[in-house]
Amino acid sequence: MSHVRLEAWIGGEWLEVDAVSVSVMDSALTLSFERQKSESGYRSLIWEPLERFLREYREEPVVVVPLGRSLPVMFGPGAAGPFRLSEISDS
């Protein structure tokens with residue numbers, strides 16, 4: 001069986017994304033991501049909301065939290081990405 005996951009180009013490699021967050025006036029808005037079984041499901045549940053989120057908050061720094069990593073990565077306004085969908089096989 002395979003799954004589709006969201007990845008971001010961070011530090012010269014593609015890393016699976018756990019969450020994307022932005023802070024606005026003392027509040028944090030966060031989108032978290034789980035692996036999906038199909039690309040079509042992932043596009044409607046993850047990719048499209050992520051695109052809207054990044055457009056709406058393009059003037060704010062965005063924090064990307066790679067899955068399994070202890071350090072989040074901050075991108076300046078409008079600099080987050082690139083992101084991609086990647087299919088992986090469960091072993």
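The model shown is predicted, which means the values in this text are computed figures rather than measured ones.

Quick notes on the rules
Residues numbered from 1 in each chain as written. Predicted model: local features only at pLDDT ≥ 70, side-chain atom pairs only at ≥ 80, totals over all residues. Heavy atoms only, no water. Core = buried A, V, L, I, M, F, W, Y, C linked by side-chain atoms within 4.5 Å. Buried < 20%, exposed > 50% of the residue type's maximum accessible area, 1.4 Å probe, protein only. Helix = DSSP H or I, 4+ residues; strand = E, 2+ residues; numbered from the N terminus. Contact = heavy atoms within 4.5 Å. Salt bridge = Lys/Arg side-chain N within 4 Å of Asp/Glu carboxyl O.

A. Spotlight on the nonpolar core. Among the nonpolar cores identified, the biggest contains 19 residues, and Leu 6, Val 17, Val 20, Phe 33, Val 64 and Phe 83 are the most heavily contacted of them. Of all the elements in the fold, those that place two or more residues in this core are strand S1 (2–10), strand S2 (13–24), helix H1 (39–56) and strand S4 (62–66). Per-element tally for this core: the top contributor is H1, with five residues. Once residues lying within four places of it in the same chain are set aside, the contact partners of Leu 6 are Leu 15, Glu 16, Val 17, Phe 33, Tyr 42, Ile 46, Trp 47, Leu 50, Phe 83, Arg 84 and Leu 85.

B. A look at the pattern of salt bridges. Within the structure shown, the criterion is met by four salt bridges. For Glu 7, the salt bridge goes to Arg 84, with nearest N and O atoms at 2.6 Å. Note that Glu 7 is positioned in strand S1 and Arg 84 in strand S6 (residues 83–89), a separation of 77 residues in sequence. Under the relative-accessibility criterion, Arg 84 is labelled partly exposed at 33%. In this structure, Arg 58 engages Glu 59 in a salt bridge whose closest nitrogen and oxygen atoms are separated by 4.0 Å. Using a relative accessible area of 48% as the deciding quantity, one classes Arg 58 as partly exposed. When salt bridges with common partners are traced through the structure, they connect Arg 5, Glu 7, Glu 16 and Arg 84 into a single cluster.

Function-wise, these values are silent; they only describe arrangement.
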